[in-house]
Amino acid sequence: MNIKILGHHVEITPGMRSHLEDKLKKIGAHFDQVQSMTVTLSINNEKEKDLRNHAEITLHLKGKDLFAEAHNGDMYHAMDLVVDLSLIHISEPTRLRRI
């Protein structure tokens, strides 16, 4: 499983990288269909300070891609939120509509 961590207007520190990799390894341990993950961390110039730190994750599964994003005042909290959201996306059973 490949993990790609990108920064936009933010430098990815070794502490941020290790924190995020530890969280993402939990996803890979629970779900073997994940082929790769792309995480983008950015700081936006929002007027509300609680929305400045932005974390996005794209999970590349067999047959589809899942996307989640989170905003928060603290970058570590935004990273935790986006990983939790992606876990919810993966664990939800897919419901098919029959027409």
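Everything in this summary refers to the structure shown in the same document.

Here's the deal with the nonpolar core
Residues Leu20, Leu24, Ile27, Leu41, Ile57 and Val82 are the most contacted members of the largest nonpolar core, which totals 24 residues. When residues of this core are assigned to their parent elements, the largest contribution, 6 residues, is made by helix α2 (residues 75-91). Contacts of Ile57, omitting those with residues within four sequence positions, involve Leu24, Thr38, Val39, Leu66, Phe67, Ala68, Val82 and Ser86.

A few points about the sheet that holds strand β1 (residues 2-8)
Strand order in the open sheet made by the 4 strands is β1-β2-β3-β4, with mixed pairing throughout. Because the sheet does not close on itself, it has two edges, and the strands there are β1 and β4 (64-72). The mean angle between the axes of side-by-side strands here comes to 15 degrees, regardless of whether they run parallel or antiparallel. Here strand β3 (residues 53-61) runs beside β4; their pairing, made up of 9 bridges, is antiparallel.

Overview of the pattern of salt bridges
Evaluation of the coordinates by the stated rule reveals 1 salt bridge. A salt bridge links Asp80 to Lys23, with the nearest nitrogen and oxygen atoms 3.8 Å apart. Remark: Lys23 occurs in helix α1 (residues 14-30) and Asp80 occurs in helix α2; sequence separation between them is 57 residues. Taking relative accessible area as the criterion, Lys23 reaches 23% and is therefore assigned partly exposed.

Each value, and the rule that gives it
- For every chain, the first residue of its written sequence is number 1, and the numbers climb from 1 along that sequence.
- Only residues with pLDDT of 70 or above have their local features reported here, since the model is predicted, and side-chain atom pairs are shown and tallied only from 80 upward, although totals for entire chains, interfaces and linings are computed over all residues.
- In computing side-chain values, all of the structure's heavy atoms are included and hydrogens and water are not.
- The definition of a nonpolar core used throughout is a set of buried Ala, Val, Leu, Ile, Met, Phe, Trp, Tyr and Cys residues joined through side-chain atoms within 4.5 Å.
- Here's how the labels work: a residue is buried when its accessible area is under 20% of the maximum for its type, exposed when over 50%, partly exposed in between, all with a 1.4 Å probe on protein chains only.
- Put simply, DSSP H or I for four residues or longer makes a helix, DSSP E for two residues or longer makes a strand, and each gets a number counted from the N terminus.
- Should any heavy atoms of two residues lie within 4.5 Å, those residues are counted as being in contact.
- Between any two strands, at least two bridges found by DSSP are needed for them to pair.
- Between the N-to-C directions of two axes lies an angle of 0 to 180 degrees, each axis being a line fitted to C-alpha atoms and, for a helix, fitted only over the stretch in contact.
- Salt bridges are counted wherever a side-chain nitrogen of Lys or Arg sits within 4 Å of a carboxyl oxygen of Asp or Glu.

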